[in-house]
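Read off the chains here:
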Amino acid sequence: MPPSTSTLISLGALIFGAFAVQQCSPDSISKPSLLGATIHGLQADEVHNYTAVSLGPGTNEGGRYTISFCNVTVVHTHLDWNDTVTTQVWLPLDDWNGRFQGLGGGGYSTGFGSIYLTYAVSQGFAAASTDGGVPGDSSTVTTIATDLSWALTSDHNINWALLKNYAYKATADLAEIGKQITDSYYDRPAEYSYFNGCSGGGRQGLAMAQQFPDAFDGILTVAPAINIETFIPAGFWPTLVMNQDGIYPSSCEIDGFVSAAVNACDELDGVKDSIISRPDLCNVTALDFVGKPFTCNGTQHALSPSAAKVVQAAWSGSYIPTECTSNRTCSTLGSALFGNWISYLVAKDPSFNLDNMTPPEFFSSLADSRNDYASMLAANNADLSDFKARGKKIITWHGLADEVIPIQGLVEYYKNVLEQDRYAGDFFRFLEAPGVGHCFGGPGPVPNGALGQLMDWVENGIAPDTLHATRGSNNTARDLCPYPLKQRYAGGDPAVVSSFTCV
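Our subject in this report is the structure included herewith. (Residues numbered from 1 in each chain as written. Predicted model: local features only at pLDDT ≥ 70, side-chain atom pairs only at ≥ 80, totals over all residues. Heavy atoms only, no water.)

With that settled, the discussion passes to helix H5 (residues 200-211). Helix length check: H5, at 12 residues, gives a terminal C-alpha distance of 16 Å against a target of 16 Å (1.5 Å per residue), a fit within 8%. Looking at H5, one finds that the buried residues are Gly 200, Gly 201, Gly 202, Arg 203, Gln 204, Gly 205, Leu 206, Ala 207, Met 208, Ala 209 and Gln 210. (Helix = DSSP H or I, 4+ residues; strand = E, 2+ residues; numbered from the N terminus. Expected span 1.5 Å × (residues − 1). Buried < 20%, exposed > 50% of the residue type's maximum accessible area, 1.4 Å probe, protein only.)

Structure below.
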């Protein structure tokens, strides 16, 4: 007896990987269930031919993508918190790859909305982003990533509910909401779930592995803002030094010091290519380059001792925000990222005068920040035994030329993980990216395919011995080495992968 038409359709769905879907409407998609929270609303609408500039966290392969998707917005509040959290879940109308991807944010934001969602959906993922209870225009990354006004309910009173959302709760909720909505819409659960984030988003990923080991099967955490309660306020130090001395180096002079340092340490890995692969061997200070020439607007100058003091302060782990007029009168731009932390979370006063801050006040602020926020925000718990026991995997990489987050905090954390579990490499790989800046940028190649390698590890058991990196500004390609291995030039064309080895 020949198969019925309905049987043929069912077989075809299995063969071609199609998925049954519900109608994209609030009546057809079930409201998620969230312990300790109330779902206030669910909206769902089909969106066709939506076009936006987008990229994946920790990649430099962004572009303009056009997608069609079911746009689901879930609004919830935690009992007695007086918060309102919005989670966006975007579900491909066609060609869903059977996976769910939670996306992190950066700075003081838990999500960047369409900036990451569009790319994820274009790759076939059902994807989600959360505002953490802090409304704002997620398309303006600089503003949303540096705004901390939400951290106070009033002067001198911390909004602990929103800070807890920022720390981990909203991201854990995103996992639950996103997976349940995906299941309801496609009428089947995602086969695998992943988290992907850089910077503050990378910290979110570590928090999930440490505190919510069931949330995701695989976590890609790039340049994670580990120990954020320490390095963020510490990043204000170069600005304080400039304000104390009244010295504001031009960007040209700052670049001159950087170029001199790169030139001095470039060949420590065996080849001169403007990429420092061994910063651990680069024992120079800014004072070493005083008097060396640099050029600004066609005129040659000498690197000055006063500028060296400021640059050395920055080389302890942050950048120098200055601007200059046409007559070379320079001033500080300040730093909303670093300064806002001190104003809102330490002084708890938006009008706190950062310009008059003294060194004793600065170091007192560092101590207060650690005492008040480390337990909630540091994401540095080295005990990942629960995550490991569930068979989950995590990959983290960090640029060695990161101008915002010092890599040493992550190095120390990974050492602590290995002290807890000498076989941690079986589920957790950390790799350094020579010449790469914060999340991407710089002359070094970027591991744009890291998420794919994580998926291979989770789904097929293929552990990444290296991460394949391409498209640095030097047009190079390299394999990033798992810590503690380092890149070493082996000979040949330095732009070719095979010219380097891990030693």
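Attention now goes to the sheet that holds strand S4 (residues 99-103). Pairing in this open sheet of 9 strands is mixed, and the strands run S1-S2-S3-S5-S4-S8-S9-S14-S15 from one edge to the other. The sheet is open, and its two borders are formed by strand S1 (37-54) and strand S15 (428-433), each paired with just one other strand. Put simply, the sheet's adjacent strands are angled 20° from each other on average, direction ignored. In this sheet, strand S9 (residues 218-222) lies alongside strand S8 (residues 192-198) in parallel orientation, the contact comprising 5 bridges. Bridging across to S9, Gly 197 finds its partner in Thr 221. Packing of H5 onto the sheet brings it into contact with S8, S9 and strand S14 (393-399), and relative to S8 it is tilted by some 140°. (Pairing = 2+ DSSP bridges. Axes fitted to C-alpha atoms, helices over the stretch in contact; angles between N-to-C directions. Contact = heavy atoms within 4.5 Å.)

This part covers the pairing of S9. Most of S9 sits inside the fold, with 5 of its 5 residues counted as buried. Residue alternation in S9 divides its side chains into two sets, Gly 218, Leu 220 and Val 222 and Ile 219 and Thr 221, and both sets are buried. Here S9 pairs with S14 via 5 bridges, running parallel. Its bridge partner being in S14, Leu 220 is matched across the sheet by Ile 395.

What follows concerns the state of the cysteines. Scanning the model with the defined rule gives 5 disulfides in all. Bridging Cys 481 to Cys 502, the disulfide has an S-S length of 2.1 Å. Taking the sign of the S-S torsion, -90° for the link of Cys 481 and Cys 502, the bridge is left-handed. Here Cys 502 lies in strand S19 (residues 500-502) and Cys 481 lies in the loop between strand S17 (478-480) and strand S18 (487-489), a separation of 21 residues in the sequence. (Disulfide = S-S within 2.5 Å.)

These results come straight from atomic positions and should not be treated as a statement about function.
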